[in-house]
Number of protein chains: 2
Amino acid sequence: MMAKTKTDMREAVMTAAKATVQSRGYNALSFRELAKEVGIKSASVHYHFPTKGDLGAALARRYTEEGAAYLAELLATSNDASWCMDRYAAIFRAALANDNRMCLCGIMSAELDDLPAEVRTEVDRFAEMNVGWLTQILSRARPSTGEQDLQECAMAIFAAIEGAQLVARGCRDIGIYDRTIRAYRTTGLIP
Amino acid sequence: MMAKTKTDMREAVMTAAKATVQSRGYNALSFRELAKEVGIKSASVHYHFPTKGDLGAALARRYTEEGAAYLAELLATSNDASWCMDRYAAIFRAALANDNRMCLCGIMSAELDDLPAEVRTEVDRFAEMNVGWLTQILSRARPSTGEQDLQECAMAIFAAIEGAQLVARGCRDIGIYDRTIRAYRTTGLIP
DNA sequence: ACCTGAACACCGTTCAAGT
DNA sequence: ACCTGAACACCGTTCAAGT
């Protein structure tokens with residue numbers, strides 16, 4: 001038997017679309033451009049994703065799932081909150097290092113008012129997932145702190161890291177990201 | 001003599017465009033929509049702003065100028081770094097309170113790869129202006145700190161506040177902004 | 001099951017033409 | 001000086017038609 005070499009068009013579209021959104025945002029996503037990249041016609045893209053909103057929601061959903069899986073792995077690997085936070089910050093750094101890309105959900109948050117409802121829902125879930133994980137990490141580092149304070153601090157860390165990525169990207173200078181994360185650590189915002 | 005009642009179309013276009021960009025981003029800006037809003041044809045908008053890039057750059061330039069003027073006023077009004085930071089955070093809060101809008105340059109940073117060069121230049125200037133002001137404020141609060149550290153911390157504060165705005169906006173919950181800023185203060189990131 | 005061409009109302013931009 | 005209609009190549013979406 002031959003291996004399954006036939007390109008899965010649905011996958012090819014999602015891969016191309018993910019790169020475009022992380023670089024140029026949801027609004028810049030074009031079914032015609034996407035079609036050209038994967039070698040089909042734009043009408044065929046609609047066969048896999050009836051609307052642009054369906055594609056955007058599928059992208060965000062998978063992005064959250066893959067992120068959650070990786071974060072769960074981190075959590076299982078080490079009990080050291082500081083090491084986990086290091087790895088966490090490294091994820092957002094990797095996007096910048098990869099052609100100045102941005103967190104898929106961060107860039108989509110900026111475009112919020114142009115997002116179909118189903119895409120917004122997925123963006124929300126991504127934030128929830130991140131804050132949930134950060135709360136767990138914080139509860140290890142500061143076990144005596146109340147759940148409410150923990151969650152607020154987790155949200156603050158998530159926002160601060162998204163912001164560091166946004167600003168460093170705007171300045172096309174990954175050094176800004178590194179120095180900003182260092183400053184967050186120095187002040188004690190990040191364990 | 002009559003007062004000058006004739007609507008300045010250039011101004012009307014900029015006002016409408018500013019609101020659109022702060023809500024939906026640069027990509028969502030449409031010359032045809034803009035034209036309808038101010039009551040002329042889209043070809044006439046091109047008379048005032050030859051390209052979309054010209055309009056975007058004009059918007060960002062004015063945004064920076066107006067921001068700089070307001071921040072200079074704050075600096076002259078009080079010597080209290082903590083009070084100044086309070087007012088600073090209030091500026092970004094006001095955008096959220098005003099129909100969940102975002103910092104013009106923050107939203108444009110997210111769309112960076114789709115921005116014409118002249119718009120990028122203005123986005124850079126906005127960040128520089130903010131970091132410069134924050135550095136001055138910090139030098140008051142921590143006079144013994146070196147210039148380099150001061151600038152890094154100023155950049156971190158700018159990034160953290162932009163991030164708080166981005167995430168709160170994404171969640172359509174201004175309370176997230178307030179709690180996040182509070183957490184920044186508690187940890188000592190913000191004076 | 002998957003793809004296509006053609007049509008629709010949109011987009012930024014250009015340009016010759018109007019006042 | 002300021003505005004316009006018409007044209008161009010783009011866009012997402014729909015749909016009847018092909019295999």
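Residues numbered from 1 in each chain as written. Chains lettered and ligands numbered in written order. Predicted model: local features only at pLDDT ≥ 70, side-chain atom pairs only at ≥ 80, totals over all residues. Heavy atoms only, no water.

1. A look at the interface of chain B and chain A
Note on interface size: it is often stated as the accessible area lost on association of the parts. Our working rule: Any pair of residues with heavy atoms lying within 4.5 Å of one another is described as a contacting pair. Two parts lose some accessible area (1.4 Å probe) when they are put together, and adding that loss for both gives the buried area. A pairing counts as a salt bridge when a side-chain nitrogen of Lys or Arg comes within 4 Å of a carboxyl oxygen of Asp or Glu.
Taken together, the contact between chain B and chain A spans 41 residues of the former and 41 residues of the latter. Of the roughly 3,400 Å² buried where chain B meets chain A, counting both sides, 63% is carbon and sulfur surface. Contact with chain A buries surface across chain B, with Ala 110, Leu 166 and Arg 172 of chain B losing the most and accounting together for 16% of the total. Linking chain B to chain A there are 7 salt bridges.

2. Describing the protein's contact with DNA strand C
As a reminder of what qualifies: Nearness of a residue to a molecule or strand requires only that one of the residue's heavy atoms be within 4 Å of it. For the purposes of these results, a polar contact is taken to be a pair of N or O atoms within 3.5 Å, where, inside protein, one atom must be able to donate a hydrogen and its partner to accept one; residues adjacent in sequence count only when each atom of the pair is a side-chain atom. A run of DSSP states H or I qualifies as a helix once it reaches four residues; a run of E qualifies as a strand once it reaches two. Both are numbered from the N-terminal end. Under this grouping Gly is polar, as are all residues other than the nonpolar Ala, Val, Leu, Ile, Met, Phe, Trp, Tyr, Cys and Pro and the charged Asp, Glu, Lys and Arg.
DNA strand C sits among 17 residues. The nearest are Lys 41 and His 48 of chain A together with Ser 30, Phe 31 and Arg 32 of chain B. Within 4 Å of the protein, the atoms of DNA strand C are drawn from sugar and phosphate moieties in a proportion of 55%. Side-chain polar atom of Ser 44 of chain A to a phosphate oxygen of DNA strand C: 2.9 Å apart, as the coordinates give it. Between DNA strand C and Arg 32 of chain B there is a distance of 2.4 Å, counted from a base nitrogen to a side-chain nitrogen or oxygen. Broken down by element, the residue count for the surface near DNA strand C peaks at 4 residues, all from helix 3 (residues 42-48) of chain A. Partitioned by chemical class, the residues of the surface near DNA strand C number 7 nonpolar, 6 polar and 4 charged.

3. Topic: helix 9 (residues 174-187) of chain B
Cut-off, in case you're wondering: Given the number of residues in a helix, its expected span is that number minus one, multiplied by 1.5 Å. Burial here depends on accessible area, computed with a 1.4 Å probe over protein chains only, as a share of the maximum for the residue type. Under 20% is buried, over 50% is exposed, and the range in between is partly exposed.
Look at helix 9 of chain B: 20 Å from first C-alpha to last across 14 residues, which is about the 20 Å you get at 1.5 Å a residue. Among all positions of helix 9 of chain B, only Gly 175, Ile 176, Tyr 177, Thr 180, Ile 181, Ala 183 and Tyr 184 of chain B are buried. For helix 9 of chain B, the secondary structure elements touched by its buried residues are helix 8 (147-170) of chain A together with helix 5 (81-97) and helix 8 (147-170) of chain B. Its side-chain oxygen at 2.9 Å from the backbone nitrogen of Gly 175 of chain B, Asp 173 of chain B defines the N-terminal cap of helix 9 of chain B. Downstream of helix 9 of chain B by one or two residues, Gly 188 of chain B has phi in the positive range, about 95 degrees.

4. Overview of the packing of helix 7 (residues 117-141) of chain A against helix 8 of chain A
Residues and elements named next belong to chain A. Spelled out, the test is: Axis definition: a line fit to C-alpha positions, over the contact stretch in the case of helices; interaxial angles, taken between N-to-C directions, run 0 to 180 degrees. Angular relationships are summarised with four words: roughly parallel below 35 degrees, roughly antiparallel beyond 145, roughly perpendicular across 65 to 115, and oblique for the angles in between. By definition, any crossing whose near helix is turned counterclockwise from its far helix by less than a right angle is left-handed, and any crossing with a clockwise turn is right-handed.
Contact pair helix 7 / helix 8: the axes reach a minimum separation of 8 Å and the direction vectors enclose 120 degrees. In terms of axis orientation, helix 7 runs oblique to helix 8. Our pair here, helix 7 against helix 8, has a crossing hand that is right-handed. Seen from helix 7, the contacting residues are Phe 126, Ala 127, Asn 130, Val 131, Leu 134, Thr 135, Leu 138 and Ser 139; seen from helix 8, they are Glu 147, Leu 150, Gln 151, Cys 153, Ala 154, Met 155, Ile 157, Phe 158 and Glu 162. Of the residues that constitute the contact of helix 7 with helix 8, the class distribution is 11 nonpolar, 4 polar and 2 charged.

5. What about the UniProt feature "DNA-binding region" (unreviewed entry) in chain A?
As a reminder, the rule being used: UniProt positions are given in the numbering used here, feature names are shortened, and annotations may be inferred rather than shown by experiment.
Using the residue numbers shown here, the UniProt feature "DNA-binding region" (unreviewed entry) corresponds to residues 30-49 of chain A. Overall, residues 30-49 of chain A shows 75% helix and 0% strand. The separation of its end C-alpha atoms is 13 Å.

6. Some details on the nonpolar core
Across soluble globular proteins, nonpolar side chains have a tendency to be buried as a group. In plain terms, the rule: Among buried residues, those of type Ala, Val, Leu, Ile, Met, Phe, Trp, Tyr and Cys that are joined through side-chain atoms within 4.5 Å constitute a nonpolar core.
With 138 residues, the main nonpolar core has Leu 55 and Tyr 184 of chain A together with Leu 55 and Tyr 184 of chain B as its most contacted residues. The residues touching Leu 55 of chain A, leaving out its near neighbours within four places in the chain, are Val 13, Met 14, Ala 17, Leu 29, Phe 31, Leu 34 and Phe 49 of chain A.

7. Focus: the protein's contact with DNA strand D
For DNA strand D, the set of nearby residues contains 17 residues, the closest of which are Ser 30, Phe 31 and Arg 32 of chain A together with Lys 41 and His 48 of chain B. A distance of 2.7 Å separates a phosphate oxygen of DNA strand D from a polar atom in the backbone of Lys 41 of chain B. Counting residues per element, the ones that place at least two in the surface near DNA strand D are helix 2 (31-38) and helix 3 of chain A together with helix 3 (42-48) of chain B. Here the surface near DNA strand D takes 4 residues from helix 3 of chain B, the largest share from any one element. In the surface near DNA strand D, the residues fall into 7 nonpolar, 6 polar and 4 charged.

8. Points about the environment of Cys 153 of chain A
Residues and elements named next belong to chain A. Turning to its location among the elements, Cys 153 is positioned in helix 8. Residue Cys 153 is classed as buried on the basis of its relative accessible area, which comes to 11%. Residues Cys 153 and Leu 189 lie 36 residues apart in sequence; the distance between their C-alpha atoms is 7.8 Å.

9. Focus: the environment of Lys 18 of chain B
All names here are of chain B. Topologically, Lys 18 is positioned in helix 1 (residues 9-24). For Lys 18, a relative accessible area of 31% puts it in the partly exposed group. C-alpha of Lys 18 to C-alpha of Ser 42: the two residues are 24 residues apart in sequence and 17 Å apart in space.

10. Here's the deal with unusual backbone geometry
Residues and elements named next belong to chain B. Although it is not a glycine, Asn 100 adopts a positive phi angle of roughly 60 degrees. Inspection of the secondary structure puts Asn 100 in the loop between helix 5 and helix 6 (104-110). For Asn 100, a relative accessible area of 17% gives the class buried. For Arg 172, which is not a glycine, the phi torsion comes out positive at approximately 50 degrees.

11. Looking at helix 4 (residues 52-77) of chain A
In an α-helix, one full turn covers 3.6 residues, which means residues spaced three or four apart are oriented alike. Residues and elements named next belong to chain A. Under the 1.5 Å per step criterion, the end-to-end length of helix 4 is 38 Å for 26 residues, consistent within 8% with the ideal 38 Å. Listed as buried for helix 4 are Gly 53, Leu 55, Gly 56, Ala 57, Ala 58, Leu 59, Ala 60, Tyr 63, Thr 64, Leu 71, Leu 74 and Leu 75. Where helix 4 is buried, its residues contact helix 1 (9-24), helix 2, helix 5 (81-97), helix 6 (104-110) and helix 7.

12. Details of the relation of the copies chain B and chain A
Our working rule: When the copies are superposed, the least-squares fit takes in the C-alpha atoms of residues with a pLDDT of at least 70 in both.
For the match of chain B to chain A, the screw axis carries a shift of 0.0 Å, the RMSD comes to 0.0 Å, and the turn is 180 degrees. When the rotation and shift are considered jointly, the pair of chain copies conforms to a two-fold rotation axis. Every residue of chain B has its C-alpha some distance from the rotation axis, and the shortest such distance is that of Gly 163 of chain B, at 1.7 Å. Looking at chain B, 100% of its interface residues are interface residues in chain A too, so the copies touch through the same face.

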